[in-house]
Amino acid sequence: VVVDQRTEPGGVSLVVSDTVPRSTQILGAMRESAALMLAPGAEPAVEPEPATPRRRTPLADVERRLREHGGSPQLRESVLEGVVKLESEDSHPLDLAAKVVGEQFSVASLPAVAGQTAVVALIGQSGTGKTTTIAKLAGRMVRAGRRVVLATLDSGRIGVEAQLRAFGAELRVPTISLDDPARIAAELGRVPGRVDVLLIDGSGDERRDIAALQDFEGHCRAAGARAQFSTLLVLAATASEDAIRAAITAAEPIGPVGTVITKIDETERPLPVLEQAREAGLGLAFLTNGPDLATHFHRARPERIADVALLGRVA
């Protein structure tokens, strides 16, 4: 456990402990000792090797799991402190950690729509799995008895549009292009309630997609279409932190209602993307962990988020 650190020319000095503090009081005492060790002119302190190997504690196992799955020092410390506060003889620290982790992240839901067409756009960078994700979301809604239409903002790329049409054929739902937003808006206004959900697949250029969605929303208002717009930001667990940060920043003008985290099955470190979404104030709406349209798409719930953090996967 990193107790304290000091950045200095040429590197960073760390004070680490191979035992996990079992209370906030112990943690505070460790930090006071660390501050003395890091004071200018202090001799580096090296703890002698123990005479016998120390038994790995359940708390150390929690810390190891979070670290291996990409959890930041701040998240690890927060979870461990939460476990210590809840610790009891009747509960295992791993179970307590799952509860604490689940409380660390907010869950987002699409807004309920009554008597209107729910227009849901998925935006994000290219390669995050938006088209497959939108097919998964469409499948869930079709199974719930909703009348769904798929739409694309990327009609210029034949391969992408063909993939979406193939998914539409598999799900037996219509697929359209939004290259003429005024016409589509007029149709929605002419026959209110004919479509329950219009799912829009972004092109991968977030700024262009946001402008197109705002334009389409304006046409819907002008046509008197009863439509409620919302956006989900798709983030891949495999993306770099810089790429994730750029995607979140680009999506800010449209105010996504939440995020979809994809490709959890393709990395052993899925926590950084969850933490960046949390830092941006974005709740988690859905988690995906494979290509299957039905079985690899999950509503984000505290227990599933805890699985991602402590097991590195959606269990």
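One can find the structure itself at the top, above this paragraph.
Rules used throughout
Residues numbered from 1 in each chain as written. Predicted model: local features only at pLDDT ≥ 70, side-chain atom pairs only at ≥ 80, totals over all residues. Heavy atoms only, no water. Buried < 20%, exposed > 50% of the residue type's maximum accessible area, 1.4 Å probe, protein only. Helix = DSSP H or I, 4+ residues; strand = E, 2+ residues; numbered from the N terminus. Arc of directions from axis to C-beta. Contact = heavy atoms within 4.5 Å. 1 Å grid on protein atoms, 1.4 Å probe; cavity = no way out; pocket = protein on both sides within 12 Å on 5 of 7 lines; lining within 4 Å. Points joined across faces, edges and corners; volume = space filled by probe spheres on them. Nonpolar A, V, L, I, M, F, W, Y, C, P; charged D, E, K, R; others polar. Phe/Tyr/Trp six-rings, centres within 6.5 Å; stacked < 30°, edge-to-face > 60°. Lys NZ or Arg CZ within 6 Å of the ring centre and 35° of its normal. Polar contact = N/O pair within 3.5 Å; in protein donor to acceptor, adjacent residues only side chain to side chain. Pairing = 2+ DSSP bridges. Axes fitted to C-alpha atoms, helices over the stretch in contact; angles between N-to-C directions. Core = buried A, V, L, I, M, F, W, Y, C linked by side-chain atoms within 4.5 Å.

Participant: Hey, could you run me through helix α7 (residues 181-190) in this one?
Facilitator: An α-helix turns once every 3.6 residues. As a result, residues three or four positions apart point the same way. Burial in α7 covers these residues: Pro181, Ile184, Ala185, Leu188 and Gly189. Projection of α7 onto a plane perpendicular to its axis shows the buried side chains occupying an angular sector of 140°, all on one side.

Participant: So what exactly am I meant to see when it comes to the environment of Val195 here?
Facilitator: Relative to the helices and strands, Val195 is located in the loop between α7 and β6 (197-201). Since its relative accessible area comes to 11%, Val195 is described here as buried. Once the C-alpha coordinates of Val195 and Gln276 are considered, the two residues, 81 residues apart in sequence, prove to be 35 Å apart. Ignoring any residue separated from it by four or fewer positions in sequence, one finds Val195 in contact with Thr117, Arg147, Val149 and Leu188.

Participant: Explain empty space enclosed by the protein here, please?
Facilitator: Rolled over the atoms, a probe sized like a water molecule indicates the empty space that remains. Counted according to the given criterion, the structure contains 1 cavity of 30 Å³ or more. By volume, the largest cavity amounts to about 40 Å³. Lining the largest cavity are Gly124, Gln125, Thr128, Val234, Leu235, Ala236, Ala239, Ala243, Ile244 and Ala247. Elements that contribute at least two residues to the lining of the largest cavity include exactly β7 (227-236) and α9 (241-251). For the lining of the largest cavity, a count of residues per class yields 7 nonpolar, 3 polar and no charged.

Participant: For this particular structure, what's the right way to read unusual backbone geometry?
Facilitator: Most peptide bonds adopt trans geometry, and most residues besides glycine take a negative phi value. The phi torsion at Arg172 lies on the positive side, around 60°, for a residue other than glycine. Tracing the chain through its elements places Arg172 in the loop between α6 (158-171) and β5 (175-177).

Participant: Help me out: how do you make sense of the packing of aromatic side chains in this one?
Facilitator: Ring pairs (aromatic) are described by centroid distance and by the angle formed between their planes. For the structure shown, the criterion picks out 2 aromatic pairs. Where Phe216 meets Phe229, the ring centres are 5.7 Å apart and the plane angle is 70°; that geometry is what we call edge-to-face. Residue Phe216 is found in helix α8 (residues 206-223), and its partner Phe229 is found in strand β7; the two are separated by 13 residues along the sequence. We classify Phe216 as buried; its relative accessible area is 1%. The aromatic ring of Phe105 is capped on one face by Arg278, whose charged end is 5.0 Å from the ring centroid.

Participant: What is the right way to read the side chain of Asn289 from this model?
Facilitator: If you trace the backbone, Asn289 turns up in the loop between β9 (284-288) and β10 (297-299). Looking at Asn289, its side chain comes within polar contact range of the side chain of His298, at 2.9 Å.

Participant: It is not clear to me how the pairing of strand β4 (residues 148-152) should be interpreted in this structure. Could you clarify?
Facilitator: By the criterion of burial, β4 is predominantly enclosed, with 5 of the 5 residues buried. Residues of β4 alternate between two faces, with Val148, Leu150 and Thr152 on one and Val149 and Ala151 on the opposite face, all of them buried. Pairing between β4 and β6: 5 bridges, direction parallel. Residue Ala151 lies in a different strand from β6, and its bridge partner there is Ile200. One ladder, built from 3 bridges, connects β4 with β5; its direction is parallel. What sits directly across from Ala151, in β5, is Ile176.

Participant: Whenever I open this one, the sheet that holds β7 confuses me. Can you help?
Facilitator: Sheet strands line up and pair through hydrogen bonds in the backbone, either parallel or antiparallel. In space, the 8 strands of this open sheet follow the order β5-β4-β6-β3-β7-β8-β9-β10, with mixed pairing throughout. The sheet terminates laterally at β5 and β10, the two strands that pair on one side only. Averaged over all pairs of adjacent strands, the angle between strand axes in this sheet comes to 25°, irrespective of strand direction. Pairing analysis gives 3 bridges linking strand β8 (residues 258-262) to β9, with the strands arranged parallel. Bridge assignment links Thr259 to a residue of β9, and that residue is Leu284. On top of the sheet, helix α10 (residues 271-279) reaches β7, β8 and β9; it is set at about 170° to β8, its chief contact.

Participant: Sorry, what's going on with the pairing of strand β2 (residues 11-16) here?
Facilitator: Regular strands place their side chains on alternate faces of the sheet. For strand β1 (residues 2-8) and β2, the ladder comprises 6 bridges, and the chain directions are antiparallel. Following the sheet pairing, Val2 is matched in β2 by Val16. Once β1 ends, the chain turns through 2 residues before running back antiparallel as β2, passing Gly10 with a positive phi of about 95°.

Participant: Explanation requested: the nonpolar core in the structure shown.
Facilitator: Soluble, globular proteins show a tendency: their nonpolar side chains are buried together. Core analysis: the largest hydrophobic core is formed by 55 residues, its most contacted members being Val79, Ile200, Phe216, Ile261 and Leu274. Excluding anything up to four places from it in sequence, Val79 contacts Val62, Leu66, Ala97, Val100, Val101 and Gln104. Grouped together as the second largest cluster of nonpolar side chains are 21 residues, Leu137, Ala138, Val173 and Val260 included.

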